Amino acid sequence: MRRMFVLLAPFLLLAPAAHAELYEVRMLNRNESGGMVYEPDFLRLRLGDWVRFLATHVTHNAASMPEMLPAGARSFKGGINEEIEVTFTEPGLYGIKCIPHYAMGMVMLVQVGEETFEPPEVLPASLPSRVRQRFTEILSRAAQ
Ligand SMILES: [Cu+2]
């Protein structure tokens with residue numbers, strides 16, 4: 001009986017990851033929607049999905065925002081030009097920023113789970129105005 005438990009345990013651990021999906025986000029100087037952007041700038045994920053941030057253009061990074069990080073979620077911070085992969089294991093709304101271009105509004109949102117979020121309640125008062133504007137645009141697009 002003890003042996004059987006040992007054999008089964010790895011499968012139990014792997015089971016949730018079997019359906020997890022990988023998404024790719026490009027970090028860009030410009031696309032048709034404007035300058036200093038993540039593409040896409042909004043993702044709706046299931047628990048356990050993960051995202052690869054691609055350094056398509058140089059001088060960008062991807063970092064979590066402490067003021068927009070769900071309870072229990074781990075913070076992350078990629079280096080400049082670094083491609084990182086992040087697994088999202090807690091439900092909620094994640095703000096992600098490019099540190100060099102934060103004031104220019106280079107941010108994106110990741111929603112994990114089914115709950116929907118509406119501005120302005122979910123946006124901290126401390127956000128720079130360009131960031132607040134981008135997040136508001138993203139959320140209104142996501143709600144359609
Ligand atoms: Cu950037």
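Calculation criteria
Residues numbered from 1 in each chain as written. Predicted model: local features only at pLDDT ≥ 70, side-chain atom pairs only at ≥ 80, totals over all residues. Heavy atoms only, no water. Helix = DSSP H or I, 4+ residues; strand = E, 2+ residues; numbered from the N terminus. Polar contact = N/O pair within 3.5 Å; in protein donor to acceptor, adjacent residues only side chain to side chain. Contact = heavy atoms within 4.5 Å. Donors = N, O, S within 2.8 Å, 3.2 Å for Na, K, Ca; no water. Buried < 20%, exposed > 50% of the residue type's maximum accessible area, 1.4 Å probe, protein only. Phe/Tyr/Trp six-rings, centres within 6.5 Å; stacked < 30°, edge-to-face > 60°. Lys NZ or Arg CZ within 6 Å of the ring centre and 35° of its normal.

**Q** Could you clarify how one ought to interpret the side chain of His60 in this entry?
**A** Tracing the backbone through its elements, the reader meets His60 in the loop between β4 (50–54) and β5 (63–64). Within the structure, His60 has its side chain in polar contact with the side chain of Asn29 (distance 2.6 Å). Among residues more than four places away in sequence, those in contact with His60 are Met27, Leu28, Asn29, Met36, Gly79, Ile80, Asn81, Glu82, Cys98, His101 and Met106.

**Q** Sorry if this is basic, but what is going on with the coordination of the copper ion here?
**A** Six octahedrally arranged donors around a metal ideally form angles of 90 or 180 degrees; four tetrahedrally arranged donors ideally form angles of 109.5 degrees. Protein coordination at the copper ion: the donors are His60 (ND1), Cys98 (SG), His101 (ND1) and Met106 (SD), at 2.0 to 2.5 Å from the metal. If you list the donors of the copper ion from N- to C-terminus, the spacing comes out as H-x37-C-x2-H-x4-M. With His60 in the loop between β4 and β5 and Cys98 in the loop between β7 (92–97) and β8 (107–112), this pair connects stretches of sequence that are 38 residues apart. For His60, a relative accessible area of 0% corresponds to the buried category.

**Q** Honestly, the packing of aromatic side chains in this entry has me stumped. Any pointers?
**A** A ring pair, where both rings are aromatic, is described by two values, the distance of the centres and the angle of the planes. The final tally for this structure, using the stated rule, is four aromatic pairs. Taken together, a centroid distance of 4.8 Å and an interplanar angle of 90 degrees make the contact between Phe88 and Tyr94 edge-to-face. The burial state of Phe88 is the same as that of Tyr94; both residues are buried. In this structure an aromatic cluster arises from ring pairing among Tyr38, Phe53, Phe76, Phe88 and Tyr94. Positioned over the ring face of Tyr102 is Lys97, at 4.9 Å from the centre of the ring.

Remember, this is a structural readout, not a statement about activity or role.
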